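What follows is each chain in one-letter form.
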Amino acid sequence: MSWKDTITETRNNLRELNKAIPEATKGFAGLSQAVKENGALSFKEKEYVALGIAVATHCTPCIAFHVEALVKAGATRDEVADVLAMCIQMAGGPGLMISAEALAIYDELAAA
């Protein structure tokens, strides 16, 4: 399965979750919007932070979503790789493995 397919499948799963618990997911969406639109950091900088946390927690769907947002925000491969280098420094071997996957996601989405 491609990463684009994984993102689509995850979005479909989230739609079903939204139907099951609409108030909770609406609250989460509001929080997400508020933190991305306000503050001292740019949207892209915030997405770099989110990518680092997603790598640290090994949340592959989160990685895919944040890489997708970074591609749309104009992040370069070198910028994403630099963030992943920090993830590796902070997380060691497991960070190395999941960072390789994150870069593969970037490569696929940036090529599309």
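Residues numbered from 1 in each chain as written. Predicted model: local features only at pLDDT ≥ 70, side-chain atom pairs only at ≥ 80, totals over all residues. Heavy atoms only, no water.

### A word on the state of the cysteines
Now for step 1: Applying the stated criterion across every chain yields a total of 1 disulfide.
Now for step 2: Note on cysteine connectivity: C59 is disulfide-linked to C62, with sulfurs 2.3 Å apart. The chirality of the disulfide connecting C59 with C62 is right-handed, given an S-S dihedral of about 60 degrees. (Disulfide = S-S within 2.5 Å.)

### Side note on the side chain of T25
Now for step 1: Topologically, T25 is positioned in helix 2 (residues 22-37).
Now for step 2: With relative accessibility at 17%, the residue T25 sits in the buried group.
Now for step 3: Sequence-distant contacts of T25, defined by excluding residues within four places in its chain, comprise L17 and N18. (Helix = DSSP H or I, 4+ residues; strand = E, 2+ residues; numbered from the N terminus. Buried < 20%, exposed > 50% of the residue type's maximum accessible area, 1.4 Å probe, protein only. Contact = heavy atoms within 4.5 Å.)

### Some remarks on helix 4 (residues 60-72)
Now for step 1: With 13 residues, helix 4 ought to run about 18 Å at 1.5 Å a step, and its terminal C-alpha atoms sit 18 Å apart, in line with that.
Now for step 2: In the core, the buried residues of helix 4 are packed alongside helix 1 (3-20), helix 2, helix 3 (43-56) and helix 5 (77-111).
Now for step 3: With its phi angle positive at about 90 degrees, G74 sits one or two positions after the end of helix 4. (Expected span 1.5 Å × (residues − 1).)

### A closer look at the packing of helix 3 against helix 5
Now for step 1: Put simply, helix 3 and helix 5 touch, their axes get as near as 9 Å, and they point 15 degrees apart. Of the possible angle classes, the one that applies to helix 3 and helix 5 is roughly parallel. The hand of the helix 3/helix 5 crossing is right-handed. Residues K44, Y48, L51, G52 and V55 of helix 3 touch helix 5, and the partners they reach there are E79, V80, V83, L84, C87, G95, I98, S99 and A102.
Now for step 2: Residues belonging to the contact of helix 3 with helix 5 are distributed by class as follows: 9 nonpolar, 3 polar and 2 charged. (Axes fitted to C-alpha atoms, helices over the stretch in contact; angles between N-to-C directions. Parallel < 35°, antiparallel > 145°, perpendicular 65-115°, else oblique. Left-handed = near helix turned anticlockwise from the far one by under 90°. Nonpolar A, V, L, I, M, F, W, Y, C, P; charged D, E, K, R; others polar.)

### Some points on the packing of helix 1 against helix 4
Now for step 1: Packing of helix 1 against helix 4 brings their axes to within 10 Å, and their N-to-C directions diverge by 110 degrees. Classed by the angle they form, the pair helix 1 and helix 4 counts as roughly perpendicular. For the pair formed by helix 1 and helix 4, the contact residues are W3, I7, T10, R11 and L14 on the first element and T60, P61, A64, F65 and E68 on the second.
Now for step 2: Of the residues contributing to the contact of helix 1 with helix 4, the split by class is 6 nonpolar, 2 polar and 2 charged.

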